[in-house]
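Each chain, letter by letter, is given below.
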Amino acid sequence: MPNTYNGVSGLPNPPSPFPTREGGAQSQNDSVVSETGRSLRALLVMVHGSPRPIANAEMFRVVEAVKARAAFPIVEVGFMECNEPTIPEAIATCVQQGATEVIAVPYFLHTGTHVADDLPTLIEEAMERYPGVAFRMGDYLGRSERLADILTDRTRAVLAV
Amino acid sequence: MRSHADRLRTQGLTPLVAVGYLNYSEPPFIDTVAECVAAGATRIFVTPYFLIPGYFVKVDLPKAVAAAQARFPDVEFVVAEAIGFDERLADALIESANGAVGPSGWREDLRRASQFCRPNPQCPLFGTAQCPKQPVPAEKG
């Protein structure tokens, strides 16, 4: 299987209508290297959580799909509320597995206090706790134009009914 | 959300694409429906921008659609499925991770997020210093 890290599942990358943030991880060459000289990137998926755990089932399927792409040696899920592991617990699991860099992505459709403030606060606390680990945050899921393509398909499915 | 609507417009699925909200964001769902009807819509496809078919999709949305149907009895409403599982969500997660940034970029949304909202008592920020519409100074001491 070819490395799907850059060309995700072989799909072309259309130009994004969204403003891009400067200094994305890909354009930088400052990965933290552990004492053994090995850098290990962890993907931390940050999820809101639900009093009905079944509500997370589809998210876990998506995370399994991410794992199947083998883009990150470590993939962990952390919840803000209601469910376990919590985000700090999930970060601890990443570090225990030897992560030198934790890349956190909010599994949220909208931005708001959680995405814009609460989640950064949790990551900043982790930065203090693990000074040897680099932390980055990606855009929340809803910023991806792929969501529009999914909405198109959901609409198309009922268009002909 | 508005960017998604712009992209949907380019895909030509329907002649009209509009965004309406079930919560305290602008414009409310019913206003958007009214706008579509005023523009001549006879069939309205309601596509939930929700990750799962939870309470909002199963309870709140049908109520909102029923209210719209009562107000516009000649319009046909067709409700699509919630987002649920999709391989492209995995693509989106990986792409987001590839563009991840350090701490200086983490709070950009804080000033951007609220530009479309209206003051509403149900909003968690209502009546606090963080409310961008009617900020109340934080109590001292």
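Residues numbered from 1 in each chain as written. Chains lettered and ligands numbered in written order. Predicted model: local features only at pLDDT ≥ 70, side-chain atom pairs only at ≥ 80, totals over all residues.

### Regarding the overall build of chain A
Argument step 1. Check the secondary structure of chain A and you find four helices and four strands.
Argument step 2. Out of the 161 residues belonging to chain A, those deemed buried represent 40%.
Argument step 3. Contacts spanning at least 24 positions in sequence make up 72% of the contacts within chain A whose residues lie at least 6 apart. (Helix = DSSP H or I, 4+ residues; strand = E, 2+ residues; numbered from the N terminus. Buried ≥ 20, exposed ≤ 12 C-beta atoms within 10 Å, placed from the backbone. Contact = placed C-beta atoms within 7 Å.)

### Describing the sheet that holds strand β4 (residues 134-137) of chain A
Strand pairing within a sheet occurs via backbone hydrogen bonds; the two strands may be parallel or antiparallel.
Residues and elements named next belong to chain A.
Argument step 1. An order of β2-β1-β3-β4 is seen for the four strands of this open sheet, with the pairing classed as parallel. Looking at which strands have only one partner, the edges of the open sheet turn out to be β2 (74-79) and β4. In this sheet, neighbouring strand axes are inclined to one another by 25° on average, regardless of whether the strands run parallel or antiparallel.
Argument step 2. Where strand β1 (residues 41-47) meets β2, six bridges bridge the pair, whose relative direction is parallel. For alanine 42, the partnering residue across the bridge sits in β2 and is isoleucine 74.
Argument step 3. Contacts from helix α2 (residues 87-96) reach β1, β2 and β3 (101-106) within the one sheet, and its direction differs from that of β2 by about 165°.
Argument step 4. Strands β1, β3 and β4 of the sheet are contacted by helix α3 (residues 113-129), whose axis makes an angle of about 170° with β4. (Pairing = 2+ DSSP bridges. Axes fitted to C-alpha atoms, helices over the stretch in contact; angles between N-to-C directions.)

### Overview of the pairing of β1 of chain A
All names here are of chain A.
Argument step 1. Counting buried positions over the seven residues of β1 gives seven, a clear majority of the element.
Argument step 2. The pairing of β1 with β3 spans six bridges and is classified as parallel. If you follow methionine 46 over to β3, its bridge partner there is proline 106.

### So, the nonpolar core
Within soluble globular proteins, side chains that are nonpolar generally end up buried alongside one another.
Argument step 1. Core analysis: the biggest nonpolar cluster contains 57 residues, and Ala42, Leu43, Leu44 and Val45 of chain A together with Leu93 of chain B have the highest contact counts within it.
Argument step 2. Ignoring anything within four residues of it in the chain, the contact list for leucine 44 of chain A reads Glu76, Gly78, Ala90, Ile91, Cys94, Val102, Ile103 and Ala104 of chain A.
Argument step 3. Ranked by size, the runner-up nonpolar core spans seven residues in total, among them Val33, Cys36, Phe45 and Ala68 of chain B. (Core = buried A, V, L, I, M, F, W, Y, C linked by C-beta atoms within 7 Å.)

### A short note on the confidence of the model for chain B
Argument step 1. Residues with a pLDDT of 70 or more make up 88% of chain B, whose mean pLDDT is 88.
Argument step 2. For this predicted complex, the interface confidence comes out at an ipTM of 0.81, alongside a pTM of 0.79. (pLDDT = per-residue confidence, 0-100.)

### Some words on unusual backbone geometry
Argument step 1. In this structure, proline 85 of chain A follows glutamate 84 of chain A across a cis peptide bond, with omega equal to 5°.
Argument step 2. One can find proline 85 of chain A in the loop between β2 and α2.
Argument step 3. Across the junction of glutamate 26 of chain B and proline 27 of chain B, the peptide omega takes the value -5°, indicating a cis bond.
Argument step 4. For proline 27 of chain B, the location among the structural elements is in the loop between α1 (2-10) and α2 (29-38).
Argument step 5. Non-glycine residue alanine 70 of chain A carries a positive phi angle of around 55°.
Argument step 6. Checked against the element boundaries, alanine 70 of chain A lands in the loop between α1 (57-69) and β2.
Argument step 7. Since 12 C-beta atoms lie within 10 Å of it, alanine 70 of chain A is described here as exposed.
Argument step 8. A positive phi is found at cysteine 82 of chain A, a non-glycine position, where the angle reads about 70°.

### Details of the environment of methionine 127 of chain A
Argument step 1. Tracing the sequence through the fold places methionine 127 of chain A in helix α3.
Argument step 2. Counting along the chain gives 76 residues from methionine 127 of chain A to proline 51 of chain A, while the straight-line C-alpha distance between them is 29 Å.

### Considerations on helix α3 (residues 55-71) of chain B
Argument step 1. Taking 1.5 Å per residue, 17 residues should reach 24 Å; α3 of chain B reaches 23 Å between its end C-alpha atoms and fits that length.
Argument step 2. Leucine 61 of chain B marks the point of greatest bend in α3 of chain B, at about 30°, and the proline proline 62 of chain B comes within the next four residues. (Expected span 1.5 Å × (residues − 1). Bend = angle between axes of the 7 residues up to and from the residue.)

### Here we look at the packing of α1 of chain A against helix α4 (residues 87-98) of chain B
A pair of packed helices is captured by two measures, namely the crossing angle of their axes and the spacing between those axes.
Argument step 1. Relative orientation of the contacting elements α1 of chain A and α4 of chain B amounts to 65°, with a least axis distance of 8 Å. Two packed elements cross with a definite hand, and for α1 of chain A against α4 of chain B that hand is right-handed. Taking contact as the criterion, the partners of Val62, Ala65, Val66 and Arg69 of chain A in α1 of chain A are, on α4 of chain B, Glu87, Leu89, Ala90, Leu93 and Ile94 of chain B.
Argument step 2. Of the residues that constitute the contact of α1 of chain A with α4 of chain B, the class distribution is seven nonpolar, no polar and two charged. (Left-handed = near helix turned anticlockwise from the far one by under 90°. Nonpolar A, V, L, I, M, F, W, Y, C, P; charged D, E, K, R; others polar.)

### Description of the pairing of β2 of chain A
Argument step 1. Counting buried positions along β2 of chain A gives six out of six residues, so the element sits mostly inside the fold.
Argument step 2. As for the winding sense of the linkage, the β-α-β connection from β1 of chain A through α1 of chain A to β2 of chain A is right-handed. (Right-handed = clockwise from strand over helix to strand, strands pointing away.)

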